[in-house]
Structure formats: structure tokens, C-alpha cells
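Architecture at a glance
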Amino acid sequence: ASPDVSITTRLKAGMSRATLLVSFTESPEFVGSTDAMVTVTTIYSGMLERQPDASGLAFWTDRLDQGGSVGPLIAGFFGSAEYQERIAGLPTGAQE
């Protein structure tokens, strides 16, 4: 099956988008081929639909370079007012 089918199947089975995103960004393939700055920029772009501000990019890149997980970054974005405002008009299933 293609990766898109697997992702769709997981979401339909009840996996949250947050869990899916964390599992993807913490996979050995992603971690081994992506530097921290690219990871942080990708998460900002995907979740907030914007480029990171300089201080946010520096903070989260440093955290990842020190061996931190992307989980706290993703969790923080999911709980942020900016993200909640962005997804407010989406269907309920698409918000998770």
C-alpha cells in the first residue's frame, strides 16, 4: 500500500494528527535524514502555515540539536491559540 493509504487508514481508525505527526518526525528515516532547522521549519509550515519567527526557530532548533524530541513542539502548537484559530473552520475530524 502507498504511504497515503496507510496514513488515511490510521486517521480513519482514530489516530490523532498529533500522534501521526510525532511518529513520522521521530522515525529513524526522518531523524537520520533531516537536520533540526529543517524539522522545525517543516512543523511551523505544516501546522501554523507560516515560516518560524527567528526566536522560535532558534529555540526549537537548539532543543532538537541537544537531543530533544519534537513531541513538545508539536504539543505546544496543537494547544496554541494560533493553531486553534487556524483550524476553527475545519470539519471536526480534520482538527485532530
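First, a word on what this report is: a plain description of the structure on this page. (Residues numbered from 1 in each chain as written. Predicted model: local features only at pLDDT ≥ 70, side-chain atom pairs only at ≥ 80, totals over all residues. Heavy atoms only, no water.)

1. As for the overall build of the protein chain
Helices and strands together make up the secondary structure of the protein chain, namely seven helices and zero strands. N-terminal to C-terminal, the α/β element order of the protein chain is α-α-α-α-α-α-α. Of all 96 residues assigned to the protein chain, the portion counted as buried reaches 28%. Pairs at least 24 apart in sequence give 57% of the contacts found in the protein chain among residues at least 6 apart. For the protein chain, the computed accessible surface area is about 6,000 Å², with 58% contributed by carbon and sulfur atoms. (Helix = DSSP H or I, 4+ residues; strand = E, 2+ residues; numbered from the N terminus. Buried < 20%, exposed > 50% of the residue type's maximum accessible area, 1.4 Å probe, protein only. Contact = heavy atoms within 4.5 Å. Areas by Shrake-Rupley, 256 points an atom, 1.4 Å probe, with all protein chains shown as cover.)

2. A short note on the layout of surface pockets
The computed volume of the largest pocket comes to approximately 540 Å³. Looking at the largest pocket, it is lined by 22 residues, and the ones nearest its centre are Ile-7, Arg-17, Leu-20, Leu-21 and Phe-24. Those elements that provide at least two residues to the lining of the largest pocket are α1 (3-12), α2 (17-25), α4 (36-48) and α7 (81-87). The dominant element in the lining of the largest pocket, judged by the number of residues it contributes, is α2, at six residues. The residue makeup of the lining of the largest pocket, split by class, is 13 nonpolar, six polar and three charged. (1 Å grid on protein atoms, 1.4 Å probe; cavity = no way out; pocket = protein on both sides within 12 Å on 5 of 7 lines; lining within 4 Å. Points joined across faces, edges and corners; volume = space filled by probe spheres on them. Nonpolar A, V, L, I, M, F, W, Y, C, P; charged D, E, K, R; others polar.)

3. A short note on the pattern of salt bridges
A full pass over the atoms with the stated rule returns three salt bridges. Residue Glu-82 is joined to Arg-50 by a salt bridge in which the shortest nitrogen-to-oxygen separation is 2.6 Å. Residue Glu-82 is found in helix α7, and its partner Arg-50 is found in the loop between α4 and α5 (54-65); the two are separated by 32 residues along the sequence. Given a relative accessible area of 29%, Arg-50 falls into the partly exposed group. Within this structure, Arg-50, Asp-53 and Glu-82 form a network of salt bridges that share partners. (Salt bridge = Lys/Arg side-chain N within 4 Å of Asp/Glu carboxyl O.)

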